[in-house]
Amino acid sequence: MTFVLAGRTASEISTAVETGVRSGDLPPGAALPPIRAAATQLGVSPATVAAAYQSLRQRGIAESAGRQGTRVRPRPSVASARGRFRLEVPPGVLDLASGAPDPRLLPDLAPAFAALAAAPAPTGYAGGTGHPPLRAKARELLTRDGIDATELAVVGGALDGIERLLGAHLLPGDRVAVEDPGWANLLDLVAALGLRPVPVPVDESGPDPQRLADALRGGARAVVVTSRAHNPTGASVTAERAADLRAALAPHPGVLVIEDDHAAELSVEPLHPLSGATEAWGFVRSVSKPYGPDLRLAVVAGDATSIARLTGRQRLGTGWVSLILQRLVAALWSDPAVASTVAAARDEYEARRTGLVTALRERGLPVTGRTGINVWLSVPDETVAVARLRESGYAVAPGALYRINTPPAVRITIAALDLPAIPALADAAARRVRLAAHSGGLTQQWFDQAGSRGHRNGSSESTEYVDSIEGDVMRPHLTMDQRQWKPMRRVGVVEAGRFARQADRYTFPARRVVRYCC
């Protein structure tokens, strides 16, 4: 069924779009009619349509696409009846896109369940007081990593904790500094809450301190940082980077700092927390990656005000996290056999990720992946790369789900990738990515520039002038600031997948992502 925009008021128009998204007639990424065209079609003022689109953006259903208008978000905040949010992995294709841990490496929960059944605990509304052994063990583990766990809350997973912390301090319209690229679920949550994301570039050592400082000076009231095993790039905040981030935060004591340590026991990198850098903070540690995705539990340490607001609001909603689940996690955290299983999984993930990163780099591909279960492979065109890797038998995730301003890439999850399969995947990636690059007119220069750019030191070439020329060939850069046009001779400029040519000269507009070929 084809979507038809309808309505006479902003509320009716936004409801029509939401209905289209729910029914699947407006799939993720679909463009909405231009404001003036929609106004003419509906017989209303452009301001009415603009108000409807603004409401959709504030509720996380639509997003601005710059000069391309407004489109449905890749993962809007309403569920589709047709379930189009994730492409099904066809038979014979290895799923490297889901981001889930390897079920073969998860602990066996049967002994813990048996122990719980043998010693049933009272059930009832008294469960709201929590499970003291879980809190005691959480404080022990967090204190060991340098986190002040005096104030502690138990929530239904990492995203639940982050949402409650943001809701405890921010209002719709407030700015939030987020990692770019960053966790897709978090970016969707920020949009659904009506918050305004401020992208901060990430390299293998964490967020760029200078760009974070810029975001804070620009009015960001909160910042969300992944401590280790960053999704999707595998970054890990180093001791030096943590010190630089603390220095950037120091002039802004009222900013809320949220840290997501979802990998925890699975990370080979030590923790260098930012907790306490400002007056308001929350450190979130979840259990789904080490112990199983269905264990929807996380502990949150933070300042007294943040934890009091979080738990107070929680009481008015879900009330508490199931006491059965709390007892189960406490038992898992205290079992030496389970700890050995998790440590073995950590070492296996490390071998798989390191092996893939090494293999891709040996083949000249620009890739990052320091910790965790994901690697980030820069590509000239995400759509082509995803499609051609799928043809080769590998499903990977398009980077558009995770990035705001950063260049195209794909995320490869190594959870289902056994060590013997790495060379074949690396060969396929090299073959397909290079074929996509050359079919798009790109040359070895793109690979050289992408490899050197990577995510090194958090530097962003978007602030550099596009003026480095060798003879008649321009080196590939990303965007141009402070200049509106730059004519080039005999240089192909690919912008948004199209050649922009005027007579015998090629031009491009300022502040637009561009790619070059010779």
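Higher on the page you've got the structure.
Residues numbered from 1 in each chain as written. Predicted model: local features only at pLDDT ≥ 70, side-chain atom pairs only at ≥ 80, totals over all residues. Heavy atoms only, no water.

1. A few points about the environment of proline 33
Item 1. Position of proline 33 among the secondary structure elements: in the loop between helix H1 (10-23) and helix H2 (35-42).
Item 2. Proline 33 sits in the partly exposed class, given a relative accessible area of 23%.
Item 3. For the pair formed by proline 33 and valine 4, sequence separation is 29 residues and the distance between their alpha carbons is 9.9 Å.
Item 4. With sequence-adjacent residues up to four places away left out, proline 33 is seen in contact with Leu5, Ala38 and Tyr53. (Helix = DSSP H or I, 4+ residues; strand = E, 2+ residues; numbered from the N terminus. Buried < 20%, exposed > 50% of the residue type's maximum accessible area, 1.4 Å probe, protein only. Contact = heavy atoms within 4.5 Å.)

2. Notes on the sheet that holds strand S13 (residues 374-378)
Item 1. Spatially, the 4 strands line up as an open sheet ordered S12-S13-S16-S15, and their pairing is antiparallel. Only two strands of the sheet have a single neighbouring strand rather than two, namely strand S12 (367-368) and strand S15 (397-398).
Item 2. Summarising the sheet, S12 and S13 pair through 2 bridges and their orientation is antiparallel. Each bridged residue has a counterpart across the sheet, and for threonine 368 the counterpart in S13 is tryptophan 376. (Pairing = 2+ DSSP bridges.)

3. Thoughts on the side chain of aspartate 303
Item 1. You can see aspartate 303 is positioned in the loop between strand S11 (298-302) and helix H11 (304-315).
Item 2. One buried charged residue, aspartate 303, remains without a salt bridge, the closest side chain of opposite sign being arginine 309 at 7.3 Å.
Item 3. A distance of 2.5 Å separates a polar atom in the side chain of aspartate 303 from a polar atom in the side chain of serine 306.
Item 4. Ignoring anything within four residues of it in the chain, the contact list for aspartate 303 reads Glu151, Glu279, Ala280 and Trp281. (Lys, Arg positive; Asp, Glu negative; His and termini not counted. Salt bridge = Lys/Arg side-chain N within 4 Å of Asp/Glu carboxyl O. Polar contact = N/O pair within 3.5 Å; in protein donor to acceptor, adjacent residues only side chain to side chain.)

4. A short note on the pairing of strand S8 (residues 220-226)
Item 1. When you tally the buried positions in S8, you get 6 out of 7 residues, the bulk of the element.
Item 2. Pairing of strand S5 (residues 175-180) with S8, which is carried by 3 bridges, proceeds in the parallel orientation. Each residue of the ladder has a partner; that of valine 176, found in S8, is alanine 222.
Item 3. Pairing between S8 and strand S9 (residues 256-260): 5 bridges, direction parallel. For valine 223, the partnering residue across the bridge sits in S9 and is valine 257.
Item 4. After leaving S8, the chain enters helix H9 (residues 239-249) and then returns to the sheet as S9, a path that is right-handed. (Right-handed = clockwise from strand over helix to strand, strands pointing away.)

5. Considering the sheet that holds strand S7 (residues 206-207)
Item 1. The 8 strands lie next to each other as S4-S11-S10-S9-S8-S5-S6-S7, forming an open sheet whose pairing is mixed. Only two strands of the sheet have a single neighbouring strand rather than two, namely strand S4 (152-155) and S7.
Item 2. In this sheet, strand S6 (residues 196-203) lies alongside S5 in parallel orientation, the contact comprising 6 bridges. Residue pairing in the sheet places arginine 175 in a bridge with arginine 196 of S6.
Item 3. Running at roughly 115° to S4, helix H5 (residues 132-144) makes contact with S4, strand S10 (280-286) and S11 of the sheet.
Item 4. Sheet strands touched by helix H8 (residues 209-217): S5, S6, S7 and S8. Its angle to S6, the strand with the most contacts, is close to 165°. (Axes fitted to C-alpha atoms, helices over the stretch in contact; angles between N-to-C directions.)

6. With respect to the pattern of salt bridges
Item 1. The final tally for this structure, using the stated rule, is 26 salt bridges.
Item 2. Notably, a salt bridge pairs arginine 228 with aspartate 261, separated by 2.9 Å at the nearest N-O pair. Residue arginine 228 is located in the loop between S8 and H9, and its partner aspartate 261 is located in the loop between S9 and S10; the two are separated by 33 residues in the primary sequence. For the pair formed by arginine 228 and aspartate 261, the shared burial category is buried.
Item 3. Between aspartate 261 and arginine 285 there is a salt bridge, with the nearest N and O atoms lying 2.7 Å from each other. Of the two residues, aspartate 261 sits in the loop between S9 and S10 while arginine 285 sits in strand S10, which places them 24 residues apart along the sequence.

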